[in-house]
Structure formats: structure tokens, C-alpha cells
Amino acid sequence: MNKFFMILFVLVFINNNALSQNPLQKKIDSGIIEGVLSEQDAQVEKYLGIPYAQPPVGDLRWKAPLKLIPWQGVLKTQKYSKKAMQPLIAKMPWLKKDTFSEDCLYLNVWKPRDIGVGKLPVLVIIHGGGLMNGGTIGPTLEGSNMAKKGMVVVTVNYRLNIFGFFAHQELSAETAHNGSGNYGYMDQQFALQWIKKNIEVFGGDPNRITVAGESAGAWSVLTLISSPLSKDLVARAIGSSGGVIPLLSMEEAEKRGTIALNKSGHKTISELRKASTEEILDIYNKGPRFAYMPTVDNYVFPKQIADIYKAKEQADIPLLIGWNSSEQPFELFLGEANYSKGHFVNRTKEMYPEHFEKILEMFPHETENEIKWSATYLSSIKMTKKAWKWFDLHCKYNNQPVFRYLFSKIPPPHKTVDLSTYTPPLGVLHAKEIEYFWGNLALRKGYNYSEDDYNVSALMQEYLSNFVKSGNPNGDQLPEWPAVNPNSESPMILNIDTQTKLIPASNDLRLRFMDNEGLLFQGR
């Protein structure tokens, strides 16, 4: 053996020996990473800020993600990475300006230290935020508690807003499919491919991947199981308060991109790629908030999601789906604190001028309490319609079971709220279920959660972990959760509350009427 190969052999031996001596070091396809034990539970390992693609900056801005260039040595993956560029939101104090970057394509992994015999199921959580905000830092998506239940948990960052969904004719001309936009979804699909390839290193089963998400995270889950680029990578899906959204045509998306480019003062996409991150974010902040949305690009989406389902081209997998009891407050529909019958009737006429008589017939409005609840339902349609439409399509065009919930456990107010003037909401508002689902109530500082809150959280974690493991949420000593009967004339839904039980799905007839009349996505 010559000297060169002798040195190479020694280096490989030392490297492999060091790896075997440190169980928190893992060899993935791009190099060696080193994690840390979770502060929440020492029996859980966590690997934070693992890069899964090249940074989408410079010439790679508004391009599909590319495979990483391998690194040398050991990469410390013990802190969260920066998240996608986005506007600041006051109600999310952990999302600070210095935690944002265009260099955002990172994911996080939690695993039990002792994985036992065989491979563990994998739970991949996609964060919400309207495809405009959000990230994996923060208490709600911490993965230790679900990992303790015998699974590998992964959370993923991806490009957002103008950085993730900007379309333009020049960008479309660069691609083989003559389409642009959807880069944030391509990031998620690329991350899913990374997970499929690397998750066995963490004890995970690449053939038992469940994707889950809330709000825009649920839109993303639906994308992953509908798109031809990713549907075969997913074994089961969980969607919360989100689902089907009408996709922009390529023509409309490119038109919006042209307007943005013209207003930017730059003449070409090449020039815009050279602009600073702050300048691009400023263009986004000054434009319409929903200008940059998913498109039918003939790549991620060959057609509208409903048409994909009708052609039965989506993943044929079990689905667990639901929403909250009061996604939006009644004030959103009423417009003011006026609970009179006359005001409700007038608002209904304004919102549904051609169908107001039927809407008034379907939504009781004689008493103040009836008006508040009916206004709550009509306000919440903005959120529930997306999940309900996904639920309806999955029941009609899928052969696997569907489990549906209504989350009704109202959380306590923040400690800073004056209880003498506090009026509890009628139901659970949008996104207030997330910390219950993933077992992170204790991390939400400033809330006096009760024993009932913790019991509901424990119950939901059991349902979810059973579903991740088997595709069925049911288990010993849990209230029975039957799969939906798609042919039932009186559908039921599992109401998750202090007393969890099946109740009639009272809104189904209303939503179906609105869908049949083309009202469900009126005004998107």
C-alpha cells in the first residue's frame, strides 16, 4: 500500500472511529453533523439547522433548489437556522429581524435516543403563515414531545412571499416547463426528498412519512400529496384549518410579476437578482399582500388541485383533517358591534346579494346569541372552506379512510389580560390548537393552562401519534374516532374538548350549498 492510500485509510479510520464514539454525530449524504440533547427531555436528541439545499441567493434567487455541496469536518447542528425573509409581526416576538435570511433552506430533526427494534415512523411538520410569514423557531413546533412517543420529527423552513412565489415571463423562459413561481413548494418537495434519502440515519423509516401542517402548512401538505413531484413520498397526511386554494393561472401570476418588476425601477430579472435582500422585501411590503401565491406552472401543479383529485392523480393515502370551532371572530362578518337582526340581514345581503334569502334561511338570526354564532360561522368560512373542500375531495376520490375533527377546547387568556373585563371567545380561534397538538403547552409562557388543557393536549397527541404510526388515530382508552362515511346523510365529526365525543357535522349542508352555488371561494 503506497503512502497516499495509507494516509487516506488512516483518516477514514479515525473519522469513522470518532463518529462511532459520539452518538450525537450523524453521517448524512452531505457530511457529518453533530446534534445535542433536548432541553425538554434528555432522552431525545435534536439536530437543528441542518441545510438541505444550497442557499437560494444571488443567481439562485427564484430558481428551483439545488443539491448541497458537501462540507468537510463536522457541522454543528445545535441551533435553529435563520428563517425565510418576511415582514415583522408583533404577535410573534420570537420572529425578530436578525433571525431572517434568504439563506433559509434548513430543517430540524428530533429523535428518541433509544429507537428500539426496527425503524420509526416519521412526522414532517410544515409551518403555516399564509405562505408569507412564519418559521420553525418558536414554542409551538418544538418536536421533543412527539419524538418521545416513538417517531422521528422534522420541521422545515422554505421560501416565502415574493422570495418563494414570484413569477415572471423571464423566469418562465428559463425553465423546461415554461413556468415560474412555486419555489417555496419546490423547497418543501426538495426537503421531502432529503428526508427520504437521509432519515434512516436518525432511525426513521423512509416509507412511513406523515406530513402535517396548519393553515398554509395544510395548503402545503395538500400540495405535497397532490403534486406529481412529491405524492409518492408521503404515506399519510394531517391537515389543520387549511386545504384547497384556487391556484393562479400562469398568465395572471406573470402579470403580477411584471407589475412588481416595473415598479421596482429595474428592467430585467437579471438586475432584480442583483438587488439587495432588503430592496426585494421592500418591494413586497409596498405591494398587495396576496400578490405572490401558488400557480398552475405545469410542474409542481399541472392543473388545479380539484382537477387533480377528480382525475384521481393524488396520493391515495389516509387523511386526518379538521378545523377549530371559531376560526374567525363574529366581528369579521358583522363589521361592528351591532347584534341586531336588521344589521345581520343587511350584512348578509351585502355579502351574498344573489343568495341572501337562502343564507338567512340556513343561519339562525333571531336572538343575539344566534346572530353571534351565525356571524362566527360566516366569518370562519374564510378558513374552514379550504379544509372542508379538501375533506370533501378526499372522501369522494380516495380509497383510504378519512378522520375528521372539530377542535373546541378554548385556551385561557394571556396573564396580562384583565379578567374583570375579559369575555371568552365563542370558540377556538385560528391556530390556537397547534401547541395542544404537539404537546407544547408548557412552552407557551404567560398562559395559565389548566389540568383540562393538559388532558386535551395529551389526548390529541395520542390520536396523532397513533395516526402517524398506523394511519388510524384510535387506540386503547381513547374515545372512539370512526372514519368518515362519505355516503352518510347525517355526517358526524369528533369534537375535541374537555369531553371529547362525536357530534353532528352541522355545517356540512351549509358548506355544500355554498360550494354548489360557487360561493365557497367568492373573493378567494
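Scope of this entry: the structure provided in the associated data block. None of the values given here were measured: they were computed from a predicted structure.

Along helix 17 (residues 508-516), the positions that sit buried rather than exposed are D508, R510, L511, F513, M514 and D515. Buried positions along helix 17 lie against helix 13 (356-362), helix 14 (368-397) and strand 12 (402-407). After helix 17 finishes, the residue G518 shows a positive phi value of roughly 75 degrees.

Another aspect to go through is the side chain of T384. Note that T384 resides in helix 14. On the basis of relative accessibility, which here comes to 8%, the residue T384 falls in the buried class. T384 has contacts with W323, E327 and L511, leaving out every residue within four places of it along the chain.

This brings us to the packing of helix 6 (residues 216-226) against helix 14. Between helix 6 and helix 14, the least distance of the axes is 11 Å, while the angle of their chain directions is 25 degrees. Classed by the angle they form, the pair helix 6 and helix 14 counts as roughly parallel. Between helix 6 and helix 14 lies a crossing whose hand is left-handed. Between helix 6 and helix 14, the contacting residues are A218, W219, V221, L222 and I225 on the first element and K386, W390 and H394 on the second. In terms of residue class, the contact of helix 6 with helix 14 is built from six nonpolar, one polar and one charged.

We now examine the sheet that holds strand 5 (residues 74-76). Read across the sheet, three strands follow the order 1-2-5 without closing on themselves; strand pairing throughout is mixed. Looking along the sheet, the strands with just one partner apiece sit at the ends: strand 1 (25-28) and strand 5. Between one strand and the next, the sheet's axes are offset by a mean angle of 35 degrees, whatever the strand orientation. Relative to strand 5, strand 2 (residues 31-34) runs parallel, the two sharing three bridges. Residue pairing in the sheet places I33 in a bridge with L75 of strand 5.

The rules behind the values
Along each chain, residue indices are assigned from 1 in the same order as the chain's sequence is written. Only residues with pLDDT of at least 70 are given local features in this predicted model, and only at 80 or more are side-chain atom pairs given and counted; all residues enter the totals for whole chains, interfaces and linings. The side-chain figures draw on all heavy atoms in the structure; neither hydrogens nor water molecules are used. Burial classes: relative accessible area under 20% of the type maximum marks a residue as buried, over 50% as exposed, and values in between as partly exposed (1.4 Å probe, protein chains only). Labels follow the DSSP assignment, with helices taken as runs of H or I lasting at least four residues and strands as runs of E lasting at least two, numbered in each case from the N terminus. Any two residues whose heavy atoms approach within 4.5 Å at even a single point are treated as in contact. Throughout, an axis means a line fitted to C-alpha atoms (over the contacting stretch in the case of helices), and angles, computed between N-to-C directions, take values from 0 to 180 degrees. Reported orientations rely on four angle classes, namely roughly parallel under 35 degrees, roughly antiparallel over 145, roughly perpendicular from 65 to 115, and oblique for the rest. Two helices crossing with the near one rotated counterclockwise from the far one by less than a right angle form a left-handed crossing, whereas a clockwise rotation gives a right-handed crossing. Each residue gets one of three labels, nonpolar for Ala, Val, Leu, Ile, Met, Phe, Trp, Tyr, Cys and Pro, charged for Asp, Glu, Lys and Arg, and polar for the others, Gly among them. Two strands pair if DSSP finds at least two bridges between them.

Shape is all these values report; function is a separate question.
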